[in-house]
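Commentary on secondary and tertiary structure
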Amino acid sequence: MAEAQPGHAVPLADAGEYAADEAIAFVDIGAQYRRLKPVIDARIEAVLERGAFINGPEIDELERALAERANCAAAVGVSSGTDALVIALRGESIGAGDAVFVPTFTYMASANAVILAGATPVFVDVDEQTYMLDPADLARRIDHVRHDRRLRPRAVMAVDLFGLPADYPAIAAVAARHGMTVIADAAQSFGGRRDGRPVGSLAPITAVSFYPSKPLACYGDGGALFSDDAARAELWRSLRTHGTGDDRMQAQRVGMNARLDSIQAAVLLAKLTVFDDELAARERLARLYDARLDGEVVLPPRPANAESAWALYSILTENRDGVAAAMAAAGITTAVYYPHPLHRQPAYREQAPMAPLPVSEALSRRILSLPMHPYMGEDRAHRICDVLIYAIRRS
Ligand SMILES: *Cc1c(COP(=O)(O)O)cnc(C)c1O
């Protein structure tokens, strides 16, 4: 590893020498810290010395850097991806009596945000090829809600699953026919692109998470909202700060305490210096997996016009649990995202689906995510593939 210069990251290196019998972690946040230590430490120290832990200058600096990356007018730092979604919904005055259409094959936070905002999630099935919101099923369920008349269809929450942007052109077309807003749950996909455009600019409202295992991550909870509409961004800034405006002693609306901490912004600014490099390393790892696993498993979707941020590399295989157990026995950590579609979880019993959600149910039985991070190195990736192929052929 090259000598670290103060304030500069050492070049991209893998997680170190690989020993053939070592355990392989799902993600290795420590390898990234070893690379960036001088930059991250200097950034955090500056916050400690200045003492502006809330609304420090790091927030403004980060918001400008994020907006530029996302090619949109405004980025607003918030306390988590979930809070970003709640603020997005409240900012559109979506609440009691409103329906928000959410894929059932996603993380629970997507639906929780809708319910926390006071609205009702309507679960939609996903497309067999992309595992993401199926525009045809979306159209059917919107029609159903319209005829049923109990809820007002207000928004579609598209989820960029595993780092790949959803099919926004098709989803926007369906939403527009019904005068609905599209909110991008891009918690996993910052750094991804579609039709040459970066995540953040693909929907009128985009919510991103910086949770430690996401592609761009801080050391705790954090998130951001993106929009081209300056008025919307101003409203979000108020909602994240108790609903206040210029006068911090008067609430203009009911808001939250949902700011991003200055220390987390400092960490993100440090990590942004190597983010492109890391995205490229994730793409190289995904291509290695693709090449080795082609014909053995169903490879992750790779639409020609989209680039994934590779938050997760997820395959489909029969006997998923047996294969995962064989890999665990060989010291390789895998994970299942997601074993239970939302409509099967106790918290959402009241939101019973109006029709079956068969694609999501089938996916939840076959999906398996392999270790994915920029510092893995090829030797580990090959060992993962060797063990996986052996386990599949034997099962
Ligand atoms: C991680 C995640 C969230 C929530 O983000 P937090 O920052 O953990 O609150 C929301 N939606 C999806 C799809 C996620 O993966």
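Given the structure is predicted, the values throughout are model-derived calculations rather than measurements.

Before going further, it helps to spend a moment on a nonpolar patch on the surface. Taken together, the side chains of Val27, Ile29 and Tyr219 present a nonpolar region at the surface, about 210 Å² in accessible area. Structurally, Tyr219 can be placed in the loop between strand 8 (205-209) and strand 9 (223-227). In this structure Tyr219 comes out as partly exposed when scored by relative accessible area, which is 32%.

What follows concerns the side chain of Thr317. Among the structural elements, Thr317 can be located in the loop between strand 11 (313-316) and helix 10 (320-329). When its relative accessible area of 5% is taken as the criterion, Thr317 is described as buried. Not counting the four nearest positions on each side in its chain, Thr317 is found in contact with Val297, Val323, Arg366 and Ile392.

With respect to burial, strand 5 (residues 181-185) is a largely interior element, 5 of its 5 residues being buried. On strand 5, burial covers both faces: Thr181, Ile183 and Asp185 on one face and Val182 and Ala184 on the other are all buried. With 5 bridges joining them, strand 4 (residues 152-159) and strand 5 adopt parallel strand pairing. In the strand pairing of strand 5, Met157 is matched with Ile183. For the crossover from strand 4 across helix 6 (residues 168-177) to strand 5, the handedness is right-handed. Of the pairings in the sheet, the one linking strand 5 to strand 8 comprises 3 bridges and is parallel in character. Pairing of Ile183 across the sheet is with Ile205, part of strand 8.

Ordered in space as 1-9-8-5-4-2-3, the 7 strands form an open sheet in which the pairing is mixed. A strand with exactly one partner marks an edge of an open sheet, and here the two such strands are strand 1 (74-78) and strand 3 (120-124). Neighbouring strand axes in the sheet, compared pairwise and without regard to direction, differ in orientation by 25° on average. Sitting on the sheet, helix 3 (residues 81-91) touches strand 1, strand 2 (98-103), strand 4, strand 5, strand 8 and strand 9, and the angle it makes with strand 8 is about 160°.

Here we take up the layout of surface pockets. Here the largest pocket defines a volume of roughly 500 Å³. Looking at the largest pocket, it is lined by 24 residues, and the ones nearest its centre are Tyr107, Gln188, Tyr211, Ser213 and Lys214. Of all the secondary-structure elements, those providing two or more residues to the lining of the largest pocket are helix 3 and helix 4 (108-116). Ranked by residues supplied to the lining of the largest pocket, first place goes to helix 3 with 3 residues.

Taken together, 16 residues lie near the ligand, and Gly81, Thr82, Gln188, Ser209 and Lys214 sit nearest. One nitrogen or oxygen atom from the main chain of Gly81 is found 2.7 Å from an oxygen atom belonging to the ligand. The separation between an oxygen atom of the ligand and a polar side-chain atom of Gln188 is 2.7 Å. Calculation on the ligand without its partners gives an accessible area of 380 Å², and the protein chains cover 93% of this total. Because more than half of its atoms lie within 2 Å of the grid, the ligand is assigned to the largest pocket. At the level of secondary structure, the elements contributing two or more residues to the shell around the ligand comprise helix 3 and helix 4.

The rules behind each value
- Residues numbered from 1 in each chain as written.
- Predicted model: local features only at pLDDT ≥ 70, side-chain atom pairs only at ≥ 80, totals over all residues.
- Heavy atoms only, no water.
- Patch = residues over 30% accessible without salt bridge, like charges linked within 9 Å, V, L, I, M, F, W, Y side chains within 5 Å.
- Areas by Shrake-Rupley, 256 points an atom, 1.4 Å probe, with all protein chains shown as cover.
- Salt bridge = Lys/Arg side-chain N within 4 Å of Asp/Glu carboxyl O.
- Helix = DSSP H or I, 4+ residues; strand = E, 2+ residues; numbered from the N terminus.
- Buried < 20%, exposed > 50% of the residue type's maximum accessible area, 1.4 Å probe, protein only.
- Contact = heavy atoms within 4.5 Å.
- Pairing = 2+ DSSP bridges.
- Right-handed = clockwise from strand over helix to strand, strands pointing away.
- Axes fitted to C-alpha atoms, helices over the stretch in contact; angles between N-to-C directions.
- 1 Å grid on protein atoms, 1.4 Å probe; cavity = no way out; pocket = protein on both sides within 12 Å on 5 of 7 lines; lining within 4 Å.
- Points joined across faces, edges and corners; volume = space filled by probe spheres on them.
- Near = heavy atom within 4 Å.
- Polar contact = N/O pair within 3.5 Å; in protein donor to acceptor, adjacent residues only side chain to side chain.
- Sits in = over half its atoms within 2 Å of the grid points.

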